[in-house]
Amino acid sequence: MRIASNKLSELYTFYRNELSSIYDEGELYAIFELICEKYLGFSKTELRIKFEDKINQSNLINIYNTGVELRKGIPVQYILGEADFYNLKFNVNSSTLIPRPETEELVDVVIKQFKTYNSSLLSVLDIGTGSGCIPVTLKKHLPAAKVSGIDISDKALEVAKSNALKNNVDVTFFKVDILSQSPVQHSPFNIIISNPPYVLNSEAAHIDARVLEHEPHLALFVKDNDPIIFYKRIIDLCETDLKSGGYLYFELNPLYASDVKNYANAANLFIFTELINDMSGKQRFLKAQKKWNTF
């Protein structure tokens, strides 16, 4: 594994030669952009302008070593220790999922609905918070809201707390096993949001090896015999933990989107339930509003 010179263009040629069997051209260049932003501080535009520039030995070694780690199938976000989400930076490691574009879409739905709302009247709970990308981003855009996140993993909660500090927001995080406990702290809430585990164990054979071998299975997979177990539990909790007139938001496995909606309807708690498509046209999100108390 040799690099012809310390020019950025030669580094990228090295990446193409070594990694083209793992990544397609577009994905590889996007990864190279992230690496150059991390080690060189270059924006995408600056990278294009300085593509024939030479870099110092220290940066050359960092970028070279990152390429070596990429060859092992380790996601670039874990190598760099951070990921982009909704124009913010988040610390990530193998205890947390790498934030996905679909989850950005979910957060965007909430922000657009409440951006003109008096956020001081809002309390928000994110269930299964992982890196904390959902509650931290919501707090950033709804700054007066009281925002909390819960997770079963102590290590994930450590990362989530670091991301609140990283992005200079006040979010409360605490440990809860949602299947056996109720998030009584700060309950009830105006908004409950969750991207719970929803990949079936039987789907593991079709999952990208980079995800399967490096991302936390606790946050990814659910047993085949009850694929919407987390959704059902959270919907049930809405009876006590979601305020009258409050909103529930889910990220969904499209295969079971209708099942989740049907369970929510059968609970008889909501004024309406709505399935929302993601950018690829899949039924990816659920939005529901709890009935108002009439007494």
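Residues numbered from 1 in each chain as written. Predicted model: local features only at pLDDT ≥ 70, side-chain atom pairs only at ≥ 80, totals over all residues. Heavy atoms only, no water.

(A) Layout of the overall build of the protein. Check the secondary structure of the protein and you find 12 helices and 11 strands. Computed over C-alpha atoms, the radius of gyration of the protein comes to 21 Å, within 12% of the 19 Å expected from 2.2 N^0.38 for 295 residues, which places it in the range of a compact globule. With the principal axes as the frame, the protein shows a C-alpha extent of 75 × 40 × 35 Å. The buried share among the 295 residues of the protein stands at 49%. In the protein, the proportion of contacts linking residues at least 24 apart, taken out of those at least 6 apart, comes to 64%. For the protein, the accessible surface area stands at approximately 14200 Å², while carbon and sulfur atoms represent 49% of it. When the 32 basic and 36 acidic side-chain charges of the protein are each reduced to a single mean position, those positions are 4 Å apart. (Helix = DSSP H or I, 4+ residues; strand = E, 2+ residues; numbered from the N terminus. Rg over C-alpha atoms; globule rule 2.2 N^0.38 Å. Buried < 20%, exposed > 50% of the residue type's maximum accessible area, 1.4 Å probe, protein only. Contact = heavy atoms within 4.5 Å. Areas by Shrake-Rupley, 256 points an atom, 1.4 Å probe, with all protein chains shown as cover. Lys, Arg positive; Asp, Glu negative; His and termini not counted. Charge placed at Lys NZ, Arg CZ, Asp CG, Glu CD.)

(B) Region of the structure containing the packing of helix α1 (residues 8-19) against helix α4 (residues 57-71). Close contact between α1 and α4 brings their axes to 10 Å; oriented N to C, the two are set at 15 degrees. By the angle between their axes, α1 is roughly parallel relative to α4. Between α1 and α4 lies a crossing of right-handed hand. Of α4, the residues touching α1 (which contributes Leu11, Phe14, Tyr15, Glu18 and Leu19) are Leu60, Ile63, Tyr64, Thr66, Gly67, Leu70 and Arg71. Tallied by class, residues from the contact of α1 with α4 come to eight nonpolar, two polar and two charged. (Axes fitted to C-alpha atoms, helices over the stretch in contact; angles between N-to-C directions. Parallel < 35°, antiparallel > 145°, perpendicular 65-115°, else oblique. Left-handed = near helix turned anticlockwise from the far one by under 90°. Nonpolar A, V, L, I, M, F, W, Y, C, P; charged D, E, K, R; others polar.)

(C) Region of interest: unusual backbone geometry. Positive phi values are uncommon outside glycine, yet asparagine 87 reaches one of about 65 degrees. One can find asparagine 87 in the loop between β1 (82-85) and β2 (88-91). Taking the relative accessible area as the measure of exposure, asparagine 87 reaches 81% and is therefore exposed. With a phi angle near 60 degrees, asparagine 268 is a residue other than glycine that sits in the positive phi range. Following the sequence through the fold, asparagine 268 ends up in the loop between α12 (257-266) and β10 (270-277).

(D) α4, seen in detail. Taking 1.5 Å of rise per residue, the 15 residues of α4 would be expected to cover 21 Å, and the 21 Å separating its terminal C-alpha atoms lies within 8% of that figure. Buried within α4 we find Asn59, Leu60, Ile63, Thr66, Gly67 and Leu70. Projected down its long axis, α4 shows its buried positions confined to an angular sector of 130 degrees, all on one face. Close packing links the buried residues of α4 with α1, α2 (25-40) and α5 (76-80). A side-chain oxygen of the first residue of α4 lies 3.2 Å from the backbone nitrogen of serine 58; this N-cap is asparagine 56. Phi for glycine 73, located one or two positions after α4, is positive at around 90 degrees. (Expected span 1.5 Å × (residues − 1). Arc of directions from axis to C-beta. Polar contact = N/O pair within 3.5 Å; in protein donor to acceptor, adjacent residues only side chain to side chain.)

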